[in-house]
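# Architecture at a glance
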Amino acid sequence: MKRKKGVVEICYQVVLIIYKKMHLWKIPVPGRDRVKTDLSRLYPGENQEERITEYYVRKLTMSLMIFFVGILMILFVVLGKIEGNSIKNGWMKRADSGSGSKDYVIIGKVEDGSQYSFALTVQPRKYRQEELQKLFDAFREELPGLICGGNESLDCVREDLQLQEEYDDYPFTVTWKSDRMDVISPEGKVNPQEQDSTVRLKAELTYEEYQGETETSVTVKNQNDVIDKSEKAVLEKMLENAQTSDPEQEAFMLPESIDGKKISWRQRNLTELQLLLGTLVTIVVVFFFKDRDIHELVEKKKQEEKRKYPEILQKITLYLEAGLTVRAAVNKIAEDYEQKRKKGAKEQAAYEELLIAVREIRMGVSEGAAYEKFGKRTGVREYIRLSTFLTQNVKKGSTMLLQQLHEEAKEAEEMRMRNARKLCEEASTKLLLPMIMLLLVVMILIMFPAFSNVGV
């Protein structure tokens, strides 16, 4: 397994030291046994403990790198928010002129432990426009929302209206007049009567030499209606008043207390938590999905070995019929493959396993034990059966070996044909959708000229 140099190599070495010093291999990890088996089949003939250590250290290194990237992203977000935090010492910073309004979620914590969350839209300090008539038309359309305040609508007014001299996004100075001063004052103070009251409000807008006026109707509910006096409602009203009190200032003071209780404010941001959770989930997914990748590689290796089985079986049978011993036949097959590999031929898993068996025999391992290990390393039923035939021949000198190999070769050929048919069926299924699409294209090409000729 090759490792990249640089930061990744440094992390790898650090994790390797920690892995060995803290004896992390003793920690039970789900799927470790299957990983050991898969690695032994993927890398036969190698030191399996070193392979397992390297595999888990690589996974931990990848997880550590993902964790570092996630932490860096969180730090960038936090630093960005510290630099651009809208709340400083109890002041809410407005948006820059011309940038439009901004939405925030702020949390107010009262001294007694109560905590409330508010969705706050902060308007810009001043919004410049060149055509005053368009601004006036926009003001007239938005008038109900501008003055409604904490009321449901102007048809159901229970609280004070926002009758201000100036409004964000508009350069006008507004003068308010009411035809029922006893119900709604020019400052927006609402005084409910015993019966519902309808009041006509006139807004006179001036900007240097420009003048305009508009009217709206307001219905004030009678004083017997229930008014929401909850702490949150009062705070929401205070926030609205704080924002509209001096719209030309770059910042406005958030409420400091309610009913004598101090309030601390902070901006709620879930981005850091979301990034942290996303990082941890990614680490877990990558860590355990690597095991699945290893298992898929083992399955692919088995399929490749199965495809080569008839070929290897036929070669062994051919050499035995030519008068070679089993050992000589296996040596011949392995040596031919090794020569081809040296000339640049593609590596083939089944022949690699056979080559390992030959080398083991040369190093002093008994012939029967080498064949038996060969079958177990592949984990493929066909090779296990072949290794059984070869082992029995070595131990008992079976005279039926050629007959057994002929029968096995016949069965292997049938198996190869079955696998070929299966692959053809899978290929046909995969080609079904493209063929249907091509059929539709052909039908369109044929039908379009026909319909064009008849004038359809």
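Located above this text is the structure these notes cover.
As a starting point, this report considers the structure included with it.

About the thresholds
- Residues numbered from 1 in each chain as written.
- Predicted model: local features only at pLDDT ≥ 70, side-chain atom pairs only at ≥ 80, totals over all residues.
- Heavy atoms only, no water.
- Helix = DSSP H or I, 4+ residues; strand = E, 2+ residues; numbered from the N terminus.
- Buried < 20%, exposed > 50% of the residue type's maximum accessible area, 1.4 Å probe, protein only.
- Contact = heavy atoms within 4.5 Å.
- Areas by Shrake-Rupley, 256 points an atom, 1.4 Å probe, with all protein chains shown as cover.
- Axes fitted to C-alpha atoms, helices over the stretch in contact; angles between N-to-C directions.
- Parallel < 35°, antiparallel > 145°, perpendicular 65-115°, else oblique.
- Left-handed = near helix turned anticlockwise from the far one by under 90°.
- Expected span 1.5 Å × (residues − 1).
- Arc of directions from axis to C-beta.

A count of helices and strands for the protein gives eleven helices and ten strands. A total of 456 residues make up the protein; the buried ones form 35% of that total. When contacts within the protein are restricted to residue pairs at least 6 apart in sequence, those whose partners lie at least 24 apart make up 65%. Within the structure as shown, the protein displays about 28200 Å² of accessible surface, and the carbon and sulfur contribution to it stands at 55%.

Orientation of helix H7 (residues 326–342) relative to helix H8 (residues 349–362), taken along the N-to-C sense of each, is 120 degrees, at an axis distance of 9 Å. When the axis of H7 is compared with that of H8, the two are oblique. At the point where H7 passes H8, the crossing takes the left-handed sense. Taken together, the residues of H8 that come into contact with H7 (itself represented by Arg-327, Val-330, Asn-331, Ile-333, Ala-334, Glu-335, Tyr-337, Glu-338 and Arg-341) are Tyr-351, Glu-352, Leu-354, Leu-355, Val-358, Arg-359, Ile-361 and Arg-362.

Before going further, it helps to examine helix H1 (residues 7–21). Relative to the 21 Å expected for 15 residues at 1.5 Å per residue, H1 spans 21 Å between its end C-alpha atoms, a close match to the ideal helical length. If you check which residues of H1 are buried, you get Cys-11, Tyr-12, Val-15, Leu-16 and Tyr-19. For H1, the angular spread of buried residues about the axis comes to 140 degrees, placing them on one side. In H1, the exposed positions that point more than 90 degrees away from the buried face belong to Val-7, Ile-10 and Lys-21.

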